[in-house]
Amino acid sequence: MRGLWSYTLWSREKRRLTKQLLLCNRLSTPVVVRCAASQVVNHGEVLQRQEDFAKYNSHSRSGSFLYSIVGFGAGLILGAILKSHYNEWSRSKRYLTNVLPSVSAASPFTFTPAVDHNNNETNSAKQEATLSKRITHNFIADAVEKASDKVVYIDIKDARRSPYVKCGQTLSNGSGFIVSEDGLILTNAHVVTNRPRSSTILVRLHDGSECEGVVEDIDAISDLALIRVKRCSLSPAPLGKSSDLRPGEFVAALGSPLSLCNTVTAGVVSSVGRASKELGLRGRDIHYIQTDAAITFGNSGGPLINMDGEVIGINSMTVTSGISFAIPIDYAKEFIAKAEKKRAELEEYCIDFCDILEAD
């Protein structure tokens with residue numbers, strides 16, 4: 001009887017525990033059962049702990065997201081302030097851009113400069129234009145701009161009238177540049193020599209105007225000649241010093257190759273003292289400037305300029321592509337000085353001769 005009663009109590013307790021387990025599974029709540037003591041953890045405490053954990057987790061997530069948004073906004077504002085200060089500093093220290101290397105990258109704070117209704121850029125746009133690479137790094141274009149309007153085109157025309165020869169036909173052509181305000185032009189001697197006596201020298205200036213020229217002096221040894229045109233107030237080309245040249249310097253050759261006026265070619269100085277003996281030129285004691293700037297027929301007599309826009313040589317001849325030679329400007333300066341001295345002596349002699357004729 002006692003055994004039956006114990007079995008009944010055990011069955012009731014088992015059913016009660018089974019119901020509790022089923023209820024816990026429905027609520028998705030874990031129930032911790034201690035095997036040793038067969039005790040069940042309080043279900044209310046478990047629910048309370050899960051609610052506290054969920055609340056803490058939600059607060060922590062919302063707080064971290066808010067901190068991320070605030071940090072990102074602060075970074076944008078700080079970046080914009082630093083960018084504006086850097087732009088102002090770089091404009092004031094603009095000379096450093098010519099010395100220190102710099103890298104440009106896209107920026108979200110770079111805006112298109114404003115333009116007024118008259119299509120004129122504002123002050124900020126003009127300041128940005130001064131920092132343009134196209135303006136600050138085109139040193140060859142800057143040098144050519146200083147000397148291009150001093151270059152002339154020389155055309156040798158035949159003035160004979162014949163049924164077989166067309167009047168005004170071009171016999172040869174070359175280049176030259178202005179060396180004095182009163183119309184003195186320097187060129188190569190081979191441009192104006194070996195021509196018929198009936199031919200005329202036509203000089204075309206940079207502005208397109210043409211005038212007739214007269215050969216004033218020739219030095220066949222150095223291959224230099226001076227032409228005089230009846231024009232005043234011309235802008236002479238600045239003359240540099242060929243003795244200061246170094247191999248590797250940038251140079252530009254200006255002239256009219258193949259009658260194509262205002263042509264510019266650029267290169268470097270290959271050698272500063274190529275002796276005439278090395279070139280097989282006898283009877284000349286000249287050390288030519290060798291350059292890889294392209295020079296061809298029609299470039300003869302044109303200027304070879306440095307990056308300061310100064311004439312440092314007279315384009316004279318070419319051997320092959322990439323090997324050309326120019327007469328140093330120091331030789332030309334001596335030739336011009338001697339020619340001016342001769343002209344002064346001739347004028348003085350003419351004045352004295354006229355005085356003698358008047359006295360008789």
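Owing to the predicted nature of the structure, the values given are computational and were not obtained by experimental measurement. (Residues numbered from 1 in each chain as written. Predicted model: local features only at pLDDT ≥ 70, side-chain atom pairs only at ≥ 80, totals over all residues. Heavy atoms only, no water.)

K.L.:
Even after reading the chapter, I still don't get the overall build of the protein chain, so can you show me in this structure?
P.N.:
A tally of helices and strands in the protein chain yields 7 helices and 14 strands. Out of the 360 residues belonging to the protein chain, those deemed buried represent 28%. Across the protein chain, the fraction of contacts at a sequence separation of at least 24, relative to all contacts at a separation of at least 6, is 59%. Counting only carbon and sulfur atoms, one obtains 57% of the accessible surface of the protein chain, whose full area is about 24200 Å². (Helix = DSSP H or I, 4+ residues; strand = E, 2+ residues; numbered from the N terminus. Buried < 20%, exposed > 50% of the residue type's maximum accessible area, 1.4 Å probe, protein only. Contact = heavy atoms within 4.5 Å. Areas by Shrake-Rupley, 256 points an atom, 1.4 Å probe, with all protein chains shown as cover.)

K.L.:
Even after reading the chapter, I still don't get the pairing of strand 9 (residues 250–255), so can you show me in this structure?
P.N.:
Put simply, side chains in a regular strand alternate between the two faces of the sheet. Burial of strand 9 is extensive: 5 of the 6 residues sit out of reach of the surface. Note: strand 9 against strand 10 (residues 263–275), 6 bridges, orientation antiparallel. Within strand 10, the position partnered with Ala 252 by the bridge is Ala 266. Of the strand pairs in this sheet, strand 9 and strand 12 (residues 303–305) are connected by 2 bridges, and their pairing is antiparallel. Across the sheet, residue Ala 252 finds its bridge partner in strand 12, namely Ile 305. (Pairing = 2+ DSSP bridges.)

K.L.:
I'm lost on the sheet that holds strand 12 in this one. Help?
P.N.:
Pairing between sheet strands relies on hydrogen bonds along the backbone, with the strands arranged either parallel or antiparallel. With antiparallel pairing, 6 strands are arranged side by side around a closed barrel as 9-10-11-14-13-12. The average undirected angle you get between the axes of adjacent strands in this sheet is 45°. Note: strand 12 against strand 13 (residues 311–320), 3 bridges, orientation antiparallel. Within strand 13, the residue paired with Leu 304 across the bridge is Gly 313. Its contacts with the sheet place helix 5 (residues 139–147) against strand 9, strand 10 and strand 12, and it is angled at close to 40° to strand 9. (Axes fitted to C-alpha atoms, helices over the stretch in contact; angles between N-to-C directions.)

K.L.:
Whenever I open this one, unusual backbone geometry confuses me. Can you help?
P.N.:
Most peptide bonds take the trans form, and the phi angle of most residues other than glycine is negative. A positive phi angle is found at Leu 258, which is not glycine, with a value near 55°. Structurally, Leu 258 is set in the loop between strand 9 and strand 10. Given a relative accessible area of 59%, Leu 258 falls into the exposed group. If you check the backbone angles, Ser 259 has positive phi at about 65° while not being a glycine. Locating Ser 259 in the fold gives a position in the loop between strand 9 and strand 10.

K.L.:
Where do I start with the sheet that holds strand 3 (residues 151–158) in this structure?
P.N.:
Taken in spatial order, the 6 strands of this closed barrel run 3-4-5-8-7-6, and their pairing is antiparallel. Pairwise comparison of adjacent strand axes, ignoring direction, gives a mean angle of 40° for this sheet. Of the strand pairs in this sheet, strand 6 (residues 199–204) and strand 7 (residues 210–219) are connected by 4 bridges, and their pairing is antiparallel. Within strand 7, the residue paired with Ile 201 across the bridge is Gly 213.

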